[in-house]
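# Observations on chain architecture
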Amino acid sequence: MITSRDMRAGFYTSISALAFFASTVPACAQDTAADTQSSDTAAPADEGSGDEIIVTGSRIPRAGFDTIQPALVTTAEQIDKRGYTNIGQALSELPAFGVPGNSNVGAQAGSFGAGQTFADFFSLGSQRTLTLVNGRRFVSSNTSSIFGPVAAGSQVDLNVIPETLVERIETVAVGGAPIYGSDAIAGTVNIILKKDFEGLELKAQTGISQRGDAPEYRINGLWGMNFADGRGNITVSGEWNRATGLTTESRFLTSARGPFFTTAADPSAPFQQQLYYGQRYNIFTSSGVPLAGDSIPEFAGIFDQQGNVLTFNESGRLVPLDFGTRTGSLIESVGGNGFPLADFGNLATNTERYLGNVLANFEINDNIRWFGEGWYAHSKGTNLRDQPVYNTALFGNAGDPDGNLIFNLDNPYLDPADRAIIAANLAPGDTQFLMTRANTDLASGRASTTVEVYRFVTGFQGEFGAGDRTYNWEVSANYGHSETRGRERVIVQQNFLNALDAVDQGVFNGGAANGNIICRPGYTNANIATLSSTCAPLNLFGVGRFSQEALDYVTTIADPTANNSQLVLNANVNGPLFRLPGGDVVLSLGYEHRREKTSFDPGTFYFGEDDGNGGRTQFGRSIPIDPVKGKFNTDEFFGELLIPIISPDMNSFIHSLEFDGAARYIDHSIAGGDWTWTAGGRLTPVEGFTIRGNFTRSVRAPAITEIFNPTSQAFDTANDPCDARFVDSGPNPSQRRANCIAAGITDPDNFTSNIVDFTSPISVSGNTDLQNEKANSWTVGTVIRPRFVPGLTVAVDWVNIKLKKAIVTLNTEQTLEACYDSANFPPAICNAIDRDPAGQVTFVRTGYANAASLKFEGLTAEIAYRREVAPDTTLGLSLNYLYLNKLETRVGSGDIDTGRGEIGDPKHSFTANINIDHGPVNFLWQTQYFGKSVWDADAAPNAYEYNGVGDWWLFNASLGFDVAKNFEMRVIVDNVFDKAPPFPAPAAGGTITYYSGILGRYFRVAGKVKF
């Protein structure tokens, strides 16, 4: 049976007119191996003294680019060649990044976060990926409501980062926590901006799909100049981007015409779920299905003389309801004129962004330098369509907000002939009938989210001497504020009922019908302002047959708002302690103070109204949503040590050997104190062959939502583990039985728990007792640069992450299981359960708890090669590969949820690039590979007719050429061969992973001019 969760769960010809196009990207100073490459050949993260550089994952300048962790760099050149308009697009092409926690593709969170983009490193959750800009934290735009687009956390919306300013993107696996602090469980994304830019660059880009839809436009500019004889620089950037989205109806595979799984029609079929095409739900339509009883049309419909169930057509007249070809599901059919649910979804959002930035620095003297940044971002995402609000017996009793609608038989909008048919189906004397309906014309699901960010950075850096040693220092202040505003047209239930009760004015006044249809006099408006305060009658027989005045009377604008602010003060110093034969032992020490504050205001509609009994009732179809408010601060002390044991100039039998270590103590105002640390090293036995590895303890502090979400009362049922029906179930039945007896259920074999069949009171809330998540991670790998193949680098690393005390939201049943299935009974979570002397559950406090564990294990590999193969011709090759060996989640002692091998997380995946530069022409050919995948790795072998999909290859191309000295044009083609997703995707998932295949071949044309 369907549940509420299931239902909610050719170029433009004028393109040649582009003449002013965005910035070229300065080439890296060193001979990089490829546009996307391992960090061992990558550009530096920042310049230090002399030839030393600072790489992401360290604060110590060093002479080389090698790191102890696997890392990858995506350069500005690669971003330019691929035509990315969003940093999230660049990251999504790296196999190490899973399906984004949220993006502009697929289902959205409506007015709580439409179109926002958050990265998810190693598919461990976007809240466990730390995103930095120039090595500094960035304010989050994730809403603190539990209804937000991603899990609670401090995720950075990549929509607000200007691609124009990006020099490169560095990603480092696991090891960033001791250097940067909380959240770097999976790894760190560090976005490095251009520095000391001079000149003017303008760029324009436009794109369109081969089907002639989903157009996008982009204009951006970058200007910079040095002043004071080169001692200062100011750089200004601006960017505008607009993309038009798509609904699921616009592509066959995602529409109601496309593939779907449901119960097999043949009970003896060897599989449970059969593949069909043309899904229709026969329990309601957009135009309404009249009913004689409080059930679904098949059992309580209105029948004609031929025995057909009747439905209203779009014009409001009764016609047969075509059930199509029946499946094994009572409510799903193939074909017919039932409700095409799959057509009412969002495939890609509308987005529009305005971004402005100012970067400046000034050398006060030889030893002190000032720097500053100013940021402004305005990003709007619009969810084009979503499931409507329903009225059906599946969601409530007749007359309930979501139950079947109740109409009087004398409703003046009924055609007389249809009234007679309905009356003939009613019991004698009945004057009312019911109707089930999908209200697509009242609430389309269109909702927008506008994110506005202000951010300011200022600080000083420099150096000082002590004897013959030089030390580098920096102090900085970083403040950011983000406001997320939602907007959505929603139904106000009281006014909806008022407008639904339509009468003929003449008949109501005791006379003859006069055709003037009004709301039945005596109504009372809801205690919330709607778009119109004057009741206008609502005709729901058909589709869109009511007036705009009626629509405005029954709807209002929901406007939830979330605010986040962040202040970070940082001071650090580094320099040599003493010298070993292998070089200077370098120490970095620092202190950081961070203060974060967030608030969420659901707005009047979602907050609801006081019911007079200490609670609240909803204005519409949503339960009342509570505001959230909270703050925390941290004081963090950190240090890093680099010990070079053997250096190449020692002429030892070992080419080089060094040890690296870092530690950080985080004193969190709510979660308390904790250490994060890393230790590792690099051994190069012979030149060109390096072995590297590290062990890291990482932490993630509880998010404000997880701590401060207010307590809400509710009622729930659950399978009590101590009940006779379930005591011998679970991962360890003997352990469960022993724990129940220890809890006072002395005879579980004869114990019947009331909560199994009858609701009991519960609460849902944040948890001020949450502890930090903790992960033990290690990597080991090798970097090979064979001297006999100049320009080649191969880096291979094994990554292992084990996260304990992961914060999850437990429901009632999970809370009970986490208590009574524990191997260390009684765990703290048992305090959330109250039982009376007879053992009956009287109250359960649900919410956030440190109750889950996650495991990731895999191999990352990068191969990069760049070589001049002919005069004025350079060949570049790169391959980034991920083998996923383990991806598991477990709540308490419950069943393991396996992610490895599912769509979005295949066992094998890679992205390969071929770059050819020949004089004024450059060409990129990109190949992406997605290994074969299953819908559900834990499903029974006979769960689906097709358990998954085969492997999939995607090809993209980019051709650039210099039209003149300062003007370049580029043509980009995504999905060159117009390759469709692997069969039968997206029947049970894969819309985001295979979006390029669903969208089809896509063209972009760009041009840039530089002065």
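Residues numbered from 1 in each chain as written. Predicted model: local features only at pLDDT ≥ 70, side-chain atom pairs only at ≥ 80, totals over all residues. Heavy atoms only, no water.

Taking an unreviewed UniProt entry as the reference, the protein chain is identified by name as TonB-dependent receptor belonging to Sphingopyxis soli. Taken from UniProt, the Subcellular location (unreviewed entry) comment for the protein chain reads in full: "Cell outer membrane". (UniProt positions renumbered as here; feature names shortened; annotations may be inferred.)

It is worth spelling out the overall build of the protein chain at this point. Counting its regular elements, the protein chain contains 14 helices and 54 strands. Here the C-alpha atoms of the protein chain give a radius of gyration of 31 Å, agreeing with the 30 Å that 2.2 N^0.38 yields for 1011 residues. Projecting the C-alpha coordinates of the protein chain onto the three principal axes gives extents of approximately 105 × 80 × 55 Å. Taken across its 1011 residues, the protein chain has 56% of its residues classed as buried. (Helix = DSSP H or I, 4+ residues; strand = E, 2+ residues; numbered from the N terminus. Rg over C-alpha atoms; globule rule 2.2 N^0.38 Å. Buried < 20%, exposed > 50% of the residue type's maximum accessible area, 1.4 Å probe, protein only.)

Moving on, we come to a nonpolar patch on the surface. Nonpolar side chains collect at one region of the surface, where W675, W677, I691, F695, W778 and V780 lie side by side and expose about 550 Å² of accessible area between them. Those elements that provide at least two residues to the nonpolar patch are β38 (672-686), β39 (689-700) and β42 (773-784). Looking at W677, the relative accessible area reads 36%, which means it is partly exposed. (Patch = residues over 30% accessible without salt bridge, like charges linked within 9 Å, V, L, I, M, F, W, Y side chains within 5 Å. Areas by Shrake-Rupley, 256 points an atom, 1.4 Å probe, with all protein chains shown as cover. Salt bridge = Lys/Arg side-chain N within 4 Å of Asp/Glu carboxyl O.)

Note: strand β45 (residues 841-870) against strand β46 (residues 873-891), 18 bridges, orientation antiparallel. For E857, the partnering residue across the bridge sits in β46 and is K886. Remark: two residues form the turn of the hairpin made by β45 and β46, two consecutive strands paired antiparallel; D872 in that turn has positive phi of roughly 65°. Note: β46 against strand β48 (residues 908-918), eleven bridges, orientation antiparallel. Across the sheet, L882 pairs through a bridge with S909, a residue of β48. In terms of strand pairing, β46 meets strand β47 (residues 896-898) through three bridges, oriented antiparallel. Each residue of the ladder has a partner; that of T889, found in β47, is D897. Counted along the chain from β46 to the antiparallel partner β47, the turn is four residues long, and its residue G892 has a positive phi close to 60°. (Pairing = 2+ DSSP bridges.)

Turning to the environment of A76, a few remarks are in order. Position of A76 among the secondary structure elements: in helix α2 (residues 76-82). The exposure class assigned to A76 is buried, which follows from its relative accessible area of 2%. Here the alpha-carbon distance between A76 and V174, two residues 98 residues apart in the chain, equals 24 Å.

What follows concerns the state of the cysteines. Per the counting criterion, the structure on display carries three disulfides. The partner cysteine of C519 in its disulfide is C535, sulfur to sulfur 2.0 Å. For the disulfide bridge between C519 and C535, the dihedral angle about the S-S bond is near -90°, and by the sign convention the bridge is left-handed. Of this pair, C519 sits in strand β30 (residues 517-519) while C535 sits in the loop between β30 and α9 (548-554), placing them 16 residues apart in sequence. On the accessibility criterion, C519 (6% relative accessible area) is buried. Owing to a relative accessible area of 12%, C535 belongs among the buried residues under this scheme. The disulfide partner of C819 is C830, and the S-S distance across this bridge is 2.0 Å. Residues C819 and C830 are joined through a disulfide that is right-handed, its torsion about the S-S bond being 105°. One end of the pair, C819, is in helix α13 (residues 812-820); the other, C830, is in the loop between α13 and β44 (833-835), and eleven residues separate them in sequence. C819 gets classed as buried once you look at its relative accessible area, which sits at 1%. (Disulfide = S-S within 2.5 Å.)

A word on empty space enclosed by the protein. One number sums up the size of the second largest cavity: a volume of about 230 Å³. Forming the boundary of the second largest cavity are 23 residues, of which G153, S154, E596, A703 and I704 lie nearest the centre. Only β32 (561-580), β33 (583-601) and α11 (704-708) provide two or more residues apiece to the lining of the second largest cavity. Top contributing element to the lining of the second largest cavity by residue count: β33, with four residues. Looking at the lining of the second largest cavity, its residues break down into six nonpolar, twelve polar and five charged. (1 Å grid on protein atoms, 1.4 Å probe; cavity = no way out; pocket = protein on both sides within 12 Å on 5 of 7 lines; lining within 4 Å. Points joined across faces, edges and corners; volume = space filled by probe spheres on them. Nonpolar A, V, L, I, M, F, W, Y, C, P; charged D, E, K, R; others polar.)

A word on unusual backbone geometry. With the exception of glycine, the majority of residues adopt a negative phi angle, and the majority of peptide bonds are in the trans configuration. Residue P984 is bonded to the preceding F983 through a cis peptide linkage, with omega at -5°. Summarising the element assignment, P984 is placed in the loop between β53 (967-974) and α14 (995-999). Although it is not a glycine, D196 adopts a positive phi angle of roughly 55°. Tracing the backbone through its elements, the reader meets D196 in the loop between β8 (187-193) and β9 (199-209). Take D196: its relative accessible area is 36%, and that puts it in the partly exposed class.

Our next topic: the UniProt feature "domain: TonB-dependent receptor-like beta-barrel" (unreviewed entry) in the protein chain. Mapped onto the present numbering, the UniProt feature "domain: TonB-dependent receptor-like beta-barrel" (unreviewed entry) falls on residues 437-976. This span, residues 437-976, is 9% helix and 56% strand, and a straight line between its end C-alpha atoms measures 43 Å.

Let us look at the packing of aromatic side chains. Under the criterion given, the structure shown has 39 aromatic pairs. Judged by centre distance (5.2 Å) and plane angle (45°), the ring pair of F112 and Y606 falls under tilted. Taken as a pair, F112 in the loop between α3 (87-92) and β5 (129-133) and Y606 in helix α10 (residues 603-607) lie far apart in primary sequence, 494 residues in all. The pair formed by F112 and Y606 is uniform in burial state, with each residue classed as buried. Relative to Y929, the ring of F910 lies with its centre 5.3 Å away and its plane at 20°, an arrangement referred to as stacked. Placement of F910 in strand β48 and of Y929 in strand β49 (residues 921-930) is noted, with a sequence separation of 19 residues between them. With relative accessibility at 18%, the residue F910 sits in the buried group. (Phe/Tyr/Trp six-rings, centres within 6.5 Å; stacked < 30°, edge-to-face > 60°.)

Considering all chains together, one arrives at 53 salt bridges under this definition. R136 is the partner of E373 in a salt bridge, and the nearest nitrogen-oxygen pair spans 3.8 Å. Within this pair, whereas E373 is found in strand β23 (residues 368-383), its partner R136 is found in strand β6 (residues 136-137), the two being separated by 237 residues in sequence. Exposure remark for E373: the relative accessible area of 10% places this residue in the buried category.

Bridge count for strand β28 (residues 469-491) against β32 is 14 bridges, and the pairing is antiparallel. Note that in β32 the partner of T484 across the bridge is A562.

Our next topic: the environment of V568. Residue position: V568 is located in strand β32. Here the alpha-carbon distance between V568 and F788, two residues 220 residues apart in the chain, equals 48 Å. With residues near it in sequence (within four places) discarded, V568 still touches R137, S476, A477, N478, E592, H593 and R594. (Contact = heavy atoms within 4.5 Å.)

Most often, soluble globular proteins keep nonpolar side chains buried together rather than apart. One finds L91, F122, F138, I169, I191, I801 and F856 to be the most contacted residues of the largest nonpolar core, which totals 49 residues. When residues in this core are grouped by element, the largest group, four residues, is from strand β43 (residues 792-810). The contact partners of F856, leaving out residues within four places of it in the chain, are F122, L124, V799, N800, I801, L882, L884, K886 and L887. Among the nonpolar cores identified, the runner-up in size contains 30 residues, and A443, A536, Y553 and V554 belong to it. (Core = buried A, V, L, I, M, F, W, Y, C linked by side-chain atoms within 4.5 Å.)

What follows covers a negative patch on the surface. A contiguous patch of negative charge, built from D895, D897, D936 and D938, is present on the exposed surface. Mapped onto the elements, D895 comes out in the loop between β46 and β47. (Lys, Arg positive; Asp, Glu negative; His and termini not counted. Charge placed at Lys NZ, Arg CZ, Asp CG, Glu CD.)

Helices that pack against each other are described as a pair by the angle of their axes relative to one another and the distance between those axes. Their axes nearest at 9 Å, the elements helix α12 (residues 733-742) and α13 cross at an angle of 90°. Considered as vectors, α12 and α13 are oriented roughly perpendicular to each other. Of the residues in α13, those touching α12 at Q735, R736, N739 and C740 are E817, C819 and Y820. Within the contact of α12 with α13, the residues separate by chemical class into three nonpolar, two polar and two charged. (Axes fitted to C-alpha atoms, helices over the stretch in contact; angles between N-to-C directions. Parallel < 35°, antiparallel > 145°, perpendicular 65-115°, else oblique.)

Another point: the sheet that holds strand β15 (residues 279-281). Sheet architecture is open: three strands sit in the order β15-β20-β19, paired in antiparallel fashion. The open sheet is flanked by β15 and β19 (325-326), the only strands paired with a single partner.

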